[in-house]
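Examination of the molecular architecture
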Number of protein chains: 2
Amino acid sequence: MVDIIHRIGIKAPLSKVYAALATAEGVAGWWTEDATGEGTLGGTMQVTFHDPHGKEIGKMAFVLSELRQNEAVRWHFESGPEEWLGTDVTFELKQEGATTLLIFGHRNWREPVEFMAHCSMKWATFLLSLRQLVETGKGRPAPDDLKIDNWN
Amino acid sequence: MVDIIHRIGIKAPLSKVYAALATAEGVAGWWTEDATGEGTLGGTMQVTFHDPHGKEIGKMAFVLSELRQNEAVRWHFESGPEEWLGTDVTFELKQEGATTLLIFGHRNWREPVEFMAHCSMKWATFLLSLRQLVETGKGRPAPDDLKIDNWN
């Protein structure tokens, strides 16, 4: 099993970052505009990705398998790209002065395939979008996301 | 051992991306302005990082342990942060239409420590800087690099 891990600092209180990770409205502000579902422990969220012309290019669902207010969020993927099935996305938060430090993980990939390298790069840009959302009120969720290679 | 891996597409010929990885002049255009040394197989390069006020914040040296023209470059770190000693940075290039696809790796970390998560995020932003350099002629090397957390 192999993991993607990233670390980013966001100049905002823990609660604002937490809300962007634990609710569909939050996720819609930085990952993909088309995010729906319940922000409750054990609830499921659906996220759908469209290209700039409106064509669907990807769809996933995850269970909120951990929700510790202002501390940690875990998404367990139950549908989506084959490589993502059974993987977990984890967010750990801690405060340092006026900054929230976020440790991101996309964990339990079976193999370090090229698609994982794509996703690692793509997650980094989505974390920049998350920071932008929380600090300025406007992120870059899909379909306005930064394209990083020929896959997306 | 654990690896950071990223994938990015750059709209430029293989040779332009290769030159940005295999020469000190190239590296100075996207990673840190203070890059010196020999772009030859077995040659050593030194890179030094300064903050925007000119204070030195980091220094490393690596051997160009693999140089395959327009295909692959490998940097083997011989000095720098303790966690980097003995690690390798690898770049694999391939062409797809008018795009060069780059698979980046920072390989053989002993443990997936928080500093590795920082470096993964930071490498992603430096790869965006590399793309910008090759596509537009101007990257964002240190000290003008995008700051991503309280460590840099």
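Our subject is the structure listed above.
So, here is what we can say about the structure in this document. Here the structure is a predicted model, which is why all the values come from computation and not from measurement. Every chain is numbered independently, its residues counted from 1 as its sequence is written. Chain A is the first chain written and ligand 1 is the first ligand written, with later ones labelled in order. Only residues with pLDDT of 70 or above have their local features reported here, since the model is predicted, and side-chain atom pairs are shown and tallied only from 80 upward, although totals for entire chains, interfaces and linings are computed over all residues. Side-chain calculation: all heavy atoms of the structure are included, whereas hydrogens and water are not.

**Quick notes on the relation of the copies chain A and chain B**
One copy of the chain maps onto the second through a rotation about an axis and a displacement along it. Least-squares fitting of chain A to chain B yields an RMSD of 0.0 Å, with the transformation described by 0.0 Å of translation along the axis and a rotation of 180°. Here the symmetry operator amounts to a two-fold rotation axis. Closest approach to the rotation axis among the C-alpha atoms of chain A is made by A:A124, whose C-alpha sits 3.2 Å away. Both copies share a contact surface, since 100% of the interface residues of chain A are interface residues in chain B too. Least-squares fitting of one copy onto the other uses the C-alpha atoms of those residues that reach a pLDDT of at least 70 in both copies. Every residue pair with non-hydrogen atoms within 4.5 Å of one another is taken to be in contact.

**Focus: empty space enclosed by the protein**
Residues are called lining when one of their atoms sits within 4 Å of a cavity or pocket point, these points coming from a 1 Å grid over the protein atoms alone, where a cavity is a set in which a 1.4 Å probe fits but cannot get out and a pocket is an open set with protein on both sides within 12 Å along at least five of seven lines. Grid points are joined across faces, edges and corners, and a volume is the space filled by probe spheres set on the points. Evaluation of the coordinates by the stated rule reveals 1 cavity of 30 Å³ or more. Counted as a void, the largest cavity has a volume near 60 Å³. Every residue along the wall of the largest cavity is listed here: A:D3, A:I4, A:I5, A:M116, A:S120, B:D3, B:I4, B:I5, B:M116 and B:S120. Numbering of helices and strands starts at the N terminus; helices are DSSP runs of H or I of at least 4 residues and strands are runs of E of at least 2. Looking at the lining of the largest cavity, the elements that each hand over two or more residues are β1 (2–10) and α3 (114–136) of chain A together with β1 (2–10) and α3 (114–136) of chain B.

**Observations regarding the sheet that holds β1(A)**
All names here are of chain A. One bridge is not enough; two strands pair if DSSP finds at least two bridges between them. Taken in spatial order, the 7 strands line up as β1-β7-β6-β5-β4-β3-β2 in an open sheet, and their pairing is antiparallel. Strand pairing shows two members of the sheet lacking a second neighbour, β1 and β2 (34–37), which therefore form its edges. Across the sheet, the mean angle from the axis of one strand to that of its neighbour is 20°, orientation sign disregarded. Direction of pairing for strand β3 (residues 44–50) relative to strand β4 (residues 56–68): antiparallel, over a ladder of 7 bridges. In this analysis, axes come from line fits to C-alpha atoms, helices being fitted only over the stretch in contact, and the angle between any two N-to-C directions falls in the range 0 to 180 degrees.

**Regarding the environment of B:E38**
By secondary structure assignment, the location of B:E38 is in the loop between β2 (34–37) and β3 (44–50). Apart from the residues within four sequence positions on either side, B:E38 is in contact with B:G43, B:T44, B:M45 and B:L64.

**Some details on unusual backbone geometry**
For the bond running from A:A142 to A:P143, omega is 10°, close enough to zero to count as cis. Within the element layout of this structure, A:P143 appears in the segment after α3. Positive phi values are uncommon outside glycine, yet B:N108 reaches one of about 75°.

**Observations concerning the packing of aromatic side chains**
Pairing of aromatic side chains here covers Phe, Tyr and the six-membered ring of Trp, requires ring centres within 6.5 Å, and sorts the geometry by plane angle: under 30 degrees stacked, over 60 edge-to-face, intermediate tilted. Counted according to the given criterion, the structure contains 40 aromatic pairs over all chains. Considering the side-chain rings of B:F62 and B:F77, the 5.2 Å spacing of their centres and the 55° angle between planes classify their relative orientation as tilted. Of this pair, B:F62 sits in strand β4 (residues 56–68) while B:F77 sits in strand β5 (residues 72–79), and the two are 15 residues apart along the sequence. Like B:F62, the residue B:F77 is buried in the burial classification. Aromatic side chains B:F115 and B:W151 sit 6.4 Å apart centroid to centroid with 65° between the ring planes, which places their arrangement in the edge-to-face category. Linking B:F115 in helix α3 with B:W151 in the segment after α3, this pair joins segments that are 36 residues apart in sequence. Here a set of aromatic residues connected by ring pairs shows up, and it is made of A:W30, A:W31, A:F49, A:F62, A:W75, A:F77, A:W84, A:F91, A:F104, A:W123 and A:F126. Two thresholds decide whether a charge sits over a ring: the Lys NZ or Arg CZ must be within 6 Å of the ring centre and within 35 degrees of the ring normal. The ring centre of B:W151 lies 3.5 Å from the NZ or CZ of A:R7, which sits over that ring. The cut-offs for exposure are 20% and 50% of the maximum accessible area for each residue type, with area from a 1.4 Å probe on protein chains only; residues under the lower value are buried, those over the upper are exposed, and the others partly exposed.

**Topic: the side chain of B:R107**
Following the sequence through the fold, B:R107 ends up in strand β7 (residues 99–109). Engagement of the side chain of B:R107 in a polar contact is seen with the side chain of B:T90, the distance being 2.9 Å. Definition of a polar contact: a pair of N or O atoms within 3.5 Å, with one able to donate and the other able to accept a hydrogen when the atoms are protein atoms, and with sequence-neighbouring residues admitted only if both atoms are side-chain atoms.

**Overview of the packing of α3(A) against α3(B)**
One can describe the packing of α3(A) onto α3(B) by two numbers: an axis separation of 9 Å at closest approach and a directional angle of 90°. Classified by the angle their axes make, α3(A) and α3(B) are roughly perpendicular. Contacts from A:S120, A:M121, A:A124, A:T125, A:L127 and A:L128 in α3(A) reach B:S120, B:M121, B:A124, B:T125, B:L127 and B:L128 in α3(B). Put simply, angles under 35 degrees are roughly parallel, angles over 145 are roughly antiparallel, angles from 65 to 115 are roughly perpendicular, and the rest are oblique.

**Section: the nonpolar core**
What is meant by a nonpolar core is a set of buried Ala, Val, Leu, Ile, Met, Phe, Trp, Tyr and Cys residues, joined one to another through side-chain atoms within 4.5 Å. The biggest cluster of nonpolar side chains holds 94 residues, and the ones touching the most others in it are A:W30, A:W31, A:W75, B:W30, B:W31 and B:W75. Filtering out sequence-adjacent residues up to four positions away, A:W31 remains in contact with A:V47, A:F49, A:M60, A:F62, A:W75, A:F77, A:W84, A:W123, A:F126, A:P141 and A:A142.

Keep in mind that these numbers describe shape and distance, not what the molecule does.
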